Amino acid sequence: MAGDSILLAAVSVLSACQQTYYAFQVGKARKKFNITPPAVTGSPEFERIYRAQQNCVEFYPIFMVVFWMAGWYFNQVSAAFLGLLYMYARNQYFFGYSETAKKRLTGFRLSLGILILLAVLSTLGLANSFLDEYLDFNIGKKLRRHL
């Protein structure tokens, strides 16, 4: 079982490391701008870093669900590629937002598009698995036969 999901597991570990890195960046910003917990307001520079990290945390569960579902039910390689691309987009978002609020948009739009694509692939894969399991109708097999 573990070998069947190795790419998904590897991207998951990398993305968890990325989330940890972002959390450390907030800690560094707290020290730099002298903002002690539980305060989350202060200098605009700190607030941008904090909001960038919080937004990444807010989207992380959504990413993990659609990422794993796309990998299990659609295609592991495609999901892993999109997962790495999502991490790149989140990196663009985080560091763009850390500089100015306007610079967050490119990374945000790209990451949102990838999440939508992962959700679509998850839905297609899940629908195909459902049809195959309960109605003995496999769309992939039918398409391969006609091509």
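Residues numbered from 1 in each chain as written. Predicted model: local features only at pLDDT ≥ 70, side-chain atom pairs only at ≥ 80, totals over all residues. Heavy atoms only, no water.

**Re the nonpolar core**
One finds Phe63, Phe67, Ala79, Tyr86, Ile114, Leu115 and Leu118 to be the most contacted residues of the largest nonpolar core, which totals 20 residues. When residues of this core are traced back to their parent elements, those giving at least two are α1 (6–33), α2 (44–73), α3 (76–99) and α4 (105–135). In terms of residue count, α2 provides more of this core than any other element does, eight residues in total. Of all hydrophobic cores here, the second largest spans twelve residues; its members include Val26, Ile49, Tyr93 and Tyr97. (Core = buried A, V, L, I, M, F, W, Y, C linked by side-chain atoms within 4.5 Å. Buried < 20%, exposed > 50% of the residue type's maximum accessible area, 1.4 Å probe, protein only. Helix = DSSP H or I, 4+ residues; strand = E, 2+ residues; numbered from the N terminus.)

**Here we look at the packing of aromatic side chains**
Under the criterion given, the structure shown has 14 aromatic pairs. The interplanar angle of 10° and the centroid separation of 4.3 Å between the aromatic rings of phenylalanine 63 and tyrosine 86 together place this pair among those described as stacked. Of this pair, phenylalanine 63 sits in helix α2 while tyrosine 86 sits in helix α3, and the two are 23 residues apart along the sequence. Owing to a relative accessible area of 0%, phenylalanine 63 belongs among the buried residues under this scheme. Pairing tryptophan 68 with tryptophan 72 gives two aromatic rings, centres 5.2 Å apart and planes at 65°, and the pair type is edge-to-face. Of the two residues, tryptophan 68 and tryptophan 72 are both situated in helix α2; the distance of four residues between them amounts to about one turn of the helix. Clustering of aromatic rings is evident, with ring pairs tying together Tyr60, Phe63, Phe67, Trp68, Trp72 and Tyr86. Looking at arginine 90, its charged tip hangs above the ring of phenylalanine 59, at a distance of 5.1 Å from the centre. Over the ring of tyrosine 97 we find arginine 104; its NZ or CZ atom is 5.3 Å from the centre of that ring. (Phe/Tyr/Trp six-rings, centres within 6.5 Å; stacked < 30°, edge-to-face > 60°. Lys NZ or Arg CZ within 6 Å of the ring centre and 35° of its normal.)

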